[in-house]
Number of protein chains: 2
Amino acid sequence: MKKLILTITLLASASSPVWPQARRAAQPPAPPLPKELSEQLLTVRDAALSSDYAWRQLAHLTENIGPRPAGSPQAQAASEYVAAEMRKLGLDVHLEPAMVSHWVRGEEKAELVEFPGQSSQTTQRIVLTTLSGSSATPADGLTAEVVVVHNFDELVALGRDKVAGKIVLFNVPYDERKALAGYAFEAYGEAVVYRGRGAKAAADLGAIASLIRSVGGADYRLPHTGWSQPAPIPAAALAAEDADLVDHLAAEGRVRMHLTLTPQRLADTTGYNVVADLKGSERPEQIVVVSGHLDSWDLGRGAIDDGAGVVISMATAELLQRLHLRPRRTLRVIAWMDEENGGGGHDAYAKAHEAEIGNHVAAIESDAGAGHPLGYAMKLSPSAITALQPLLEILRPVGCTIFRSTNHSPGSDIDPLVEAGVPGIGIIQDGRKYFDYHHTAADTLDKVDPRDLRENAAAMAVMGYALAAMPDALPRQ
Amino acid sequence: MKKLILTITLLASASSPVWPQARRAAQPPAPPLPKELSEQLLTVRDAALSSDYAWRQLAHLTENIGPRPAGSPQAQAASEYVAAEMRKLGLDVHLEPAMVSHWVRGEEKAELVEFPGQSSQTTQRIVLTTLSGSSATPADGLTAEVVVVHNFDELVALGRDKVAGKIVLFNVPYDERKALAGYAFEAYGEAVVYRGRGAKAAADLGAIASLIRSVGGADYRLPHTGWSQPAPIPAAALAAEDADLVDHLAAEGRVRMHLTLTPQRLADTTGYNVVADLKGSERPEQIVVVSGHLDSWDLGRGAIDDGAGVVISMATAELLQRLHLRPRRTLRVIAWMDEENGGGGHDAYAKAHEAEIGNHVAAIESDAGAGHPLGYAMKLSPSAITALQPLLEILRPVGCTIFRSTNHSPGSDIDPLVEAGVPGIGIIQDGRKYFDYHHTAADTLDKVDPRDLRENAAAMAVMGYALAAMPDALPRQ
């Protein structure tokens with residue numbers, strides 16, 4: 001999950017308090033589900049809640065394959081693995097090519113070489129990680145004074161005179177109190193703008209490098225990487241502790257840093273979305289997408305971002321095949337490539353499937369972690385939300401009952417579909433700890449609770465099967 | 001805080017539930033404190049609780065000086081800084097030389113080069129950190145199969161045939177549930193034996209390297225360094241996530257690791273204990289020690305281990321001088337050098353002060369973090385504990401009221417004194433999170449809560465001043 005404006009808007013609405021049920025009660029009642037479908041959905045739900053399929057797939061993706069940045073051999077291996085697993089289930093599988101980013105991190109290190117209180121021979125190590133839009137420093141690094149600001153206004157107020165030739169540090173904290181109160185995506189949104197636009201803004205005033213405080217919670221000297229706007233200067237994120245160190249020292253006197261970042265943006269290369277169809281029995285041309293993104297950042301192993309989204313989509317197909325449930329419409333599992341660093345996967349899909357976009361009945365993406373599912377963020381017409389009300393009784397035991405309307409696509413990979421009018425749905429997860437691990441080395445399998453993952457598989461499978469099996473397709477937006 | 005047997009025994013008793021007060025009530029009542037002393041102690045306590053002196057000192061030690069491993073220029077700078085600060089207060093200060101360890105970490109990296117599910121060209125990065133007793137690998141590393149065991153019995157059961165030529169991984173978890181239940185030191189004790197003795201045991205069976213799972217909580221891909229018995233093979237601690245990864249993969253098939261560790265144990269060098277006396281007014285030859293250790297591991301900045309112990313000892317002197325309280329006996333502030341990697345500081349002190357050990361009335365050391373102080377671990381005679389009962393009323397508002405008797409020295413630097421019969425006292429802190437940060441890069445200033453630090457300063461100053469000012473010296477053990 002990377003996007004800036006999109007994600008912020010989507011998930012801000014996803015994590016704010018639920019509307020009063022009273023408002024919903026005033027709407028006309030939804031027609032009940034057909035009895036057979038209702039029973040099938042209960043069966044799907046309970047089978048998901050007792051299955052370790054998703055967990056085993058996640059273990060393989062994260063531990064036997066590992067980090068899966070777009071353009072890497074691991075990403076390629078992951079696409080082939082998911083395709084093979086879907087073929088095993090009997091789905092109609094295509095590895096669909098896409099031009100994807102190919103970014104290599106290189107070396108990343110920094111130390112303070114001058115600071116107040118320094119004694120001879122001493123330097124201080126700074127923990128940081130390169131952002132995707134960074135230019136490289138010379139191979140032996142650069143050295144400059146650091147100026148610290150806490151927002152864009154302070155940067156502008158400093159002006160070119162005080163910024164040119166310097167390293168700018170934006171020390172803007174991710175608000176952990178907001179996150180723990182249930183507003184993690186708002187906290188993320190407030191800070192991530194500096195990751196996205198900071199380097200460009202600093203470069204515009206003549207800075208020779210740009211640093212941010214990592215966007216995320218936790219206090220374990222852990223830097224968070226991520227997408228940033230391509231900039232003509234090096235750009236990195238410091239661990240929170242190191243941002244505060246530099247801020248403290250710079251308030252006392254001159255701080256100079258030696259910084260070495262050697263990322264390379266290689267030529268775009270061919271990656272693959274996995275597109276796996278369980279053909280519909282009555283309206284095979286109508287498509288319901290269940291999806292997550294297969295690529296991850298390179299530091300961790302891509303468990304919560306977004307191996308989880310992929311494996312609960314895979315689990316939807318596995319459950320339906322195991323239970324011999326053939327939906328009316330085609331259930332399409334997609335494992336997207338390069339969500340994090342370019343969006344080449346979803347762009348290629350939108351282009352290759354342009355002619356059938358009108359046949360996409362709905363698109364679901366899970367890309368906000370693997371926490372306990374609380375409900376769905378939906379870009380649907382009001383009548384479509386009403387039509388889904390009967391699902392609440394199926395989902396209530398899972399605790400996944402919030403239906404929240406959003407104004408933007410609830411997932412960046414399904415954005416091109418949603419923009420074209422396809423109803424879009426995302427799963428709302430408990431996100432209080434999501435940004436503690438997001439885009440860090442600590443995004444590993446153990447951060448996923450097996451029970452939460454089963455619940456997410458239930459949330460994806462119930463919604464996916466319902467949309468593919470309901471008598472009438474959802475009305476378009 | 002590093003020691004194995006000592007620490008375990010000491011702190012096991014420090015963190016187990018308090019004895020019933022009923023037992024204490026059966027003892028004869030302690031004589032009350034003289035009224036003037038009682039009032040002075042209230043003044044000391046309240047002044048400590050409203051002072052930011054300790055915090056400012058800790059900020060300087062951790063951020064302006066930084067990591068302070070024995071033998072480093074930072075350790076030297078720290079000794080000189082503390083000495084200068086104590087001189088500013090008007091104390092009689094000596095920088096007392098000691099032969100201390102000089103260990104340099106060098107390079108440390110590892111990756112899995114063969115594992116089940118591997119696709120061509122892929123490897124997996126392993127996060128680890130070298131232990132102090134490690135030998136070096138060749139400069140370009142070594143490569144071998146990894147065998148995983150979960151205790152010493154499993155290692156022995158494997159035997160030389162299955163261990164020789166391999167890398168052994170002891171995957172023994174630190175029990176976070178015990179820690180959160182208030183038994184952090186027991187949890188530490190159960191796991192740290194593998195850090196201490198693992199490499200030697202593995203080498204004895206022909207292993208060519210030894211790895212442990214990091215001893216400590218938290219799940220942020222953070223390796224914990226520390227002391228280990230010198231061994232003829234390389235030795236390192238993996239992040240918990242990496243230990244589990246290797247364990248999982250090795251259960252499925254062959255795992256081979258490429259490991260590079262290039263630590264150097266240089267010749268011992270001269271470091272300095274800071275010994276600063278506030279001379280007693282009536283019995284200057286009688287000494288009460290208040291202390292912490294100034295050296296730290298190199299990965300973090302030594303805030304909780306053990307900058308905190310040093311600065312609350314410094315604060316004791318600052319409070320007494322500011323309040324113009326001259327105790328009957330000499331109050332001696334000691335900032336010990338090289339607690340972590342050899343104990344050269346306290347050995348040198350014991351030797352240099354051999355003739356006056358009989359005049360040490362008591363020795364206090366704080367070396368279990370900067371969490372809220374709950375009371376004291378004491379190696380005292382029962383009558384001495386009784387004599388301290390009146391302090392409970394002074395300390396009750398701080399919440400620092402547990403008087404727990406121990407059988408071992410409640411601090412490794414004061415161990416030589418305690419062994420010689422000097423009453424020994426440690427502060428018991430809330431240790432639930434201590435081992436999340438202990439010996440990691442994340443041991444930084446922000447891990448200390450300013451209020452907790454003020455409470456610790458009060459706990460040290462009240463006890464230190466009481467012992468130095470009471471009419472009668474504590475009875476020896």
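Cut-off values and rules
Residues numbered from 1 in each chain as written. Chains lettered and ligands numbered in written order. Predicted model: local features only at pLDDT ≥ 70, side-chain atom pairs only at ≥ 80, totals over all residues. Helix = DSSP H or I, 4+ residues; strand = E, 2+ residues; numbered from the N terminus. Rg over C-alpha atoms; globule rule 2.2 N^0.38 Å. Buried ≥ 20, exposed ≤ 12 C-beta atoms within 10 Å, placed from the backbone. Contact = placed C-beta atoms within 7 Å. Pairing = 2+ DSSP bridges. Axes fitted to C-alpha atoms, helices over the stretch in contact; angles between N-to-C directions. Nonpolar A, V, L, I, M, F, W, Y, C, P; charged D, E, K, R; others polar. Domains from an automatic or database assignment. Core = buried A, V, L, I, M, F, W, Y, C linked by C-beta atoms within 7 Å. Least-squares fit on C-alpha atoms with pLDDT ≥ 70 in both. Right-handed = clockwise from strand over helix to strand, strands pointing away. Parallel < 35°, antiparallel > 145°, perpendicular 65-115°, else oblique. Left-handed = near helix turned anticlockwise from the far one by under 90°. Expected span 1.5 Å × (residues − 1). pLDDT = per-residue confidence, 0-100.

### Quick word on the overall build of chain A
Here's step 1: Summing up its helical and strand segments, chain A has 16 helices and 16 strands in all.
Here's step 2: Its C-alpha atoms give chain A a radius of gyration of 23 Å, within 12% of the compact-globule value 23 Å for 477 residues.
Here's step 3: With the C-alpha coordinates aligned to their principal axes, the bounding extent of chain A is approximately 80 × 50 × 40 Å.
Here's step 4: Here chain A holds 477 residues, and 62% of them are scored as buried.
Here's step 5: Summarising the internal contacts of chain A: among those between residues at least 6 apart in sequence, 83% fall at separations of at least 24.

### Thoughts on the sheet that holds strand 16 (residues 424-429) of chain B
The pairing of strands in a sheet comes from backbone hydrogen bonds and takes either a parallel or an antiparallel form.
All names here are of chain B.
Here's step 1: The mixed open sheet is built from eight strands, whose spatial order is 1-10-12-11-13-16-14-15. If you trace the sheet from one side to the other, it starts and ends with strand 1 (92-104) and strand 15 (402-405), each paired once. The sheet shows a mean angle of 25° between the axes of neighbouring strands, taken without regard to direction.
Here's step 2: In this structure, strand 13 (residues 360-365) lies alongside strand 16, joined through three bridges in parallel fashion. Opposite I364, over in strand 16, you have I425 as the bridge partner.
Here's step 3: The strands touched by helix 10 (residues 303-322) within the sheet are strand 10 (264-278), strand 11 (283-293), strand 12 (329-336) and strand 13, with strand 11 carrying the most contacts at an inclination of about 145°.

### Some words on the environment of A473(A)
All names here are of chain A.
Here's step 1: When you line up the elements, A473 lands in the segment after helix 16 (450-469).
Here's step 2: You can call A473 buried: it has 20 C-beta atoms within 10 Å.
Here's step 3: As a C-alpha pair, A473 and R329 span 144 residues in sequence and 8.8 Å in three-dimensional space.
Here's step 4: Not counting residues up to four positions away in its chain, the partners in contact with A473 are Q286 and V361.

### Points about the environment of G424(A)
Residues and elements named next belong to chain A.
Here's step 1: Position of G424 among the secondary structure elements: in strand 16 (residues 424-429).
Here's step 2: In this structure the C-alpha to C-alpha distance between G424 and L380, which are 44 residues apart in sequence, comes to 6.5 Å.
Here's step 3: Each residue touching G424, except ones within four places of it in the same chain, is listed here: A363, K379, S409, P410, G411, I414, L417 and V418.

### Some words on the interface of chain A and chain B
Here's step 1: At the junction of the two partners, chain A supplies 30 residues and chain B supplies 30 residues.
Here's step 2: At the level of secondary structure, the elements contributing two or more residues to the side of chain A that touches chain B comprise helix 4 (53-65), helix 5 (73-88) and helix 9 (240-252) of chain A.
Here's step 3: Here the side of chain A that touches chain B gets five residues from one element, more than from any other, and that element is helix 9 of chain A.
Here's step 4: In terms of residue class, the side of chain A that touches chain B is built from twelve nonpolar, twelve polar and six charged.

### Digging into the sheet that holds strand 8 (residues 235-238) of chain B
Residue and element names in this part refer to chain B.
Here's step 1: The strand order across the open sheet built from eight strands is 3-2-9-5-6-7-8-4, with neighbouring strands paired in mixed fashion. The sheet is open, and its two edges are formed by strand 3 (124-126) and strand 4 (128-130), each paired on a single side. Sheet twist, expressed as the mean angle between neighbouring strand axes with direction ignored, is 35°.
Here's step 2: Contacting strand 6 (167-170), strand 7 (209-213) and strand 8, helix 8 (residues 184-204) crosses the sheet at an angle of about 150° to strand 7.

### Considering the pairing of strand 14 (residues 373-379) of chain A
All names here are of chain A.
Here's step 1: Taking burial as the measure, the seven residues of strand 14 include seven buried ones, the bulk of the element.
Here's step 2: Where strand 14 lies against strand 16, six bridges are found, and the strand directions are antiparallel. Paired with Y376 across the two strands is I427, which belongs to strand 16.
Here's step 3: Pairing between strand 14 and strand 15 (residues 402-405): four bridges, direction parallel. Each bridged residue has a counterpart across the sheet, and for G375 the counterpart in strand 15 is I402.

### A few points about the domain arrangement of chain A
All names here are of chain A.
Here's step 1: In terms of domain boundaries, chain A breaks down into domain 1 (5-99 + 268-469) and domain 2 (107-265).
Here's step 2: Here the C-alpha centre of domain 2 lies 34 Å away from the C-alpha centre of domain 1.
Here's step 3: When contributions to the side of domain 1 that touches domain 2 are tallied by element, the ones reaching two or more residues are helix 1 (5-15) and helix 15 (434-437).
Here's step 4: Ranked by residues supplied to the side of domain 1 that touches domain 2, first place goes to helix 1 with five residues.
Here's step 5: Across the side of domain 1 that touches domain 2, the residue classes break down as ten nonpolar, seven polar and three charged.

### Regarding the nonpolar core
Here's step 1: Counting residues in hydrophobic clusters, the biggest one holds 324 residues, and the most contacted among them are V462(A) and V462(B).
Here's step 2: What V462(A) contacts, discounting residues up to four positions off in sequence, is L41(A), V44(A), R45(A), L391(A), I394(A) and L395(A).

### Quick look at the relation of the copies chain A and chain B
Relating one copy of the chain to the other requires a rotation about an axis plus a shift along that axis.
Here's step 1: Overlay of chain A on chain B (RMSD 0.0 Å): rotation 180°, translation along the axis 0.0 Å. The superposition operator between the copies reduces to a two-fold rotation axis. Ranked by how close their C-alpha atoms come to the rotation axis, the residues of chain A are headed by Y220(A), at 3.2 Å.

### Some thoughts on the pairing of strand 12 (residues 329-336) of chain A
Residues and elements named next belong to chain A.
Here's step 1: The element strand 12 is extensively covered by neighbouring structure, given that eight of its eight residues are classed as buried.
Here's step 2: Alignment of strand 10 (residues 264-278) against strand 12, held across five bridges, turns out to be antiparallel. The residue of strand 12 that forms the bridge with D277 is R332.
Here's step 3: Two elements, strand 11 (residues 283-293) and strand 12, share eight bridges in a ladder whose sense is parallel. Looking across to strand 12, one finds that V289 is bridged to R332.
Here's step 4: Following the chain from strand 11 across helix 10 (residues 303-322) to the adjacent parallel strand 12, one finds a crossover that is right-handed.

### Observations regarding the packing of helix 10 of chain B against helix 16 (residues 450-469) of chain B
All names here are of chain B.
Here's step 1: Contact geometry for helix 10 and helix 16: axes closest at 8 Å, N-to-C directions at 60°. Classified by the angle between their axes, helix 10 and helix 16 sit oblique to one another. In the packing of helix 10 onto helix 16, the handedness of the crossing is right-handed. Contact residues: helix 10 offers A308, I312, S313, A315, T316, L319 and L320, while helix 16 offers L453, N456, A457, M460, A461, G464 and Y465.

### Quick word on unusual backbone geometry
All names here are of chain A.
Here's step 1: A cis amide bond links D305 to the next residue, D306, at an omega of 5°.
Here's step 2: As for its placement among the helices and strands, D306 is situated in helix 10.
Here's step 3: The phi dihedral of D338 falls on the positive side, at around 65°, and the residue is not glycine.
Here's step 4: Mapped onto the elements, D338 comes out in the loop between strand 12 and helix 11 (344-352).
Here's step 5: On the basis of neighbour count, D338 is assigned to the buried category, with 31 C-beta atoms found within 10 Å.

### Brief notes about helix 5 (residues 73-88) of chain B
The α-helix advances 3.6 residues per turn, and as a result positions three or four apart in sequence lie on the same side.
Residues and elements named next belong to chain B.
Here's step 1: The end-to-end C-alpha distance of helix 5 is 22 Å, a good match for the 22 Å that 16 residues give at a rise of 1.5 Å each.
Here's step 2: Taken together, the buried positions of helix 5 are occupied by Q74, A75, Q76, A77, A78, S79, Y81, V82, A83, E85 and M86.
Here's step 3: Elements that come into contact with the buried residues of helix 5 comprise helix 4 (53-65), strand 1, strand 10, helix 10 and strand 12.
Here's step 4: In the stretch just after helix 5, G90 is the one whose phi turns positive, near 90°.

### With respect to the confidence of the model for chain A
Residue and element names in this part refer to chain A.
Here's step 1: Confidence in the prediction for chain A averages 94 pLDDT; 94% of positions are at 70 or higher.
Here's step 2: For the stretch residues 4-22, pLDDT sits under 50, and the model shows 42 contacts to residues farther than four places along the chain or on other chains.
Here's step 3: Interface predicted TM-score (ipTM) for the complex: 0.90; the corresponding pTM is 0.93.

### Side note on the packing of helix 4 of chain B against helix 10 of chain B
All names here are of chain B.
Here's step 1: It is the contact of helix 4 with helix 10, at a shortest axis distance of 8 Å, that shows an interaxial angle of 135°. As summarised for this structure, helix 4 and helix 10 are arranged oblique, according to the angle between their axes. Handedness of the crossing formed by helix 4 with helix 10: right-handed. From helix 4, Y53, A54, Q57, L58, L61 and T62 reach across to helix 10, where they touch A303, G307, A308, V310, V311, I312, M314, A315 and E318.
Here's step 2: Grouping the constituent residues of the contact of helix 4 with helix 10 by class yields eleven nonpolar, three polar and one charged.

### Here we look at the environment of Q264(B)
Residue and element names in this part refer to chain B.
Here's step 1: Examined against the element boundaries, Q264 turns out to sit in strand 10.
Here's step 2: For Q264 and V104, which are 160 residues apart along the polypeptide, the C-alpha to C-alpha distance reads 5.2 Å.
Here's step 3: Ignoring sequence-local partners within four residues, the contact set of Q264 consists of V104 and G106.

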